[in-house]
Amino acid sequence: MAADIFCQIIAGTLDTEVVWRDETVVAFLDHRPVFKGHVLVCPARHVESLLDLPGELMQPLLTTAQRVARAMGPALGADGSFVAMNNVVSQSVPHL
Ligand SMILES: [Zn+2]
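1. So, the pattern of salt bridges
Scanning the entire structure with this criterion turns up 1 salt bridge. When the shortest N-O distance is used, the salt bridge between R45 and E56 registers 3.4 Å. Separated by 11 residues along the polypeptide, R45 in the loop between β3 (39-43) and α2 (55-76) and E56 in helix α2 bring together distant segments of the chain. For R45, a relative accessible area of 43% gives the class partly exposed.

Printed below as a string of structure tokens:
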């Protein structure tokens, strides 16, 4: 079975604008942004949904989401941001 598109981005086989990368989390710009500054924050290893997220990845994932949200003000002149997680519903890629 082929890797999903997020695993391909994380592996570097698909080009995208990565805004954060460490050993556990990767964040990159959505190729079809719903909002200005639409960033997808994903576990670096394949995890399909919130229900599959191991406990040790919860803190790094949320910390990265907070880091990205904090950057929206200075980067975009935004007063705030919208942070959400699709969990199977509205999840177009089976990678959290
Ligand atoms: Zn994946």
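2. Here we look at the sheet that holds β3
Taken together, the 3 strands give an open sheet; going across it, the order is β1-β2-β3, and neighbouring strands pair in antiparallel fashion. Each edge of the open sheet is held by one strand with a lone partner, namely β1 (18-21) and β3. Across this sheet, the average inter-strand angle for adjacent strands is 15°, counted without regard to direction. Sheet topology places strand β2 (residues 25-29) next to β3; 5 bridges connect them, and they run antiparallel. Across the sheet, residue V25 finds its bridge partner in β3, namely P43. On the sheet, α2 packs against β1, β2 and β3 and is oriented at approximately 165° with respect to β3.

The rules behind the values
- Residues numbered from 1 in each chain as written.
- Predicted model: local features only at pLDDT ≥ 70, side-chain atom pairs only at ≥ 80, totals over all residues.
- Heavy atoms only, no water.
- Salt bridge = Lys/Arg side-chain N within 4 Å of Asp/Glu carboxyl O.
- Helix = DSSP H or I, 4+ residues; strand = E, 2+ residues; numbered from the N terminus.
- Buried < 20%, exposed > 50% of the residue type's maximum accessible area, 1.4 Å probe, protein only.
- Pairing = 2+ DSSP bridges.
- Axes fitted to C-alpha atoms, helices over the stretch in contact; angles between N-to-C directions.
- Contact = heavy atoms within 4.5 Å.

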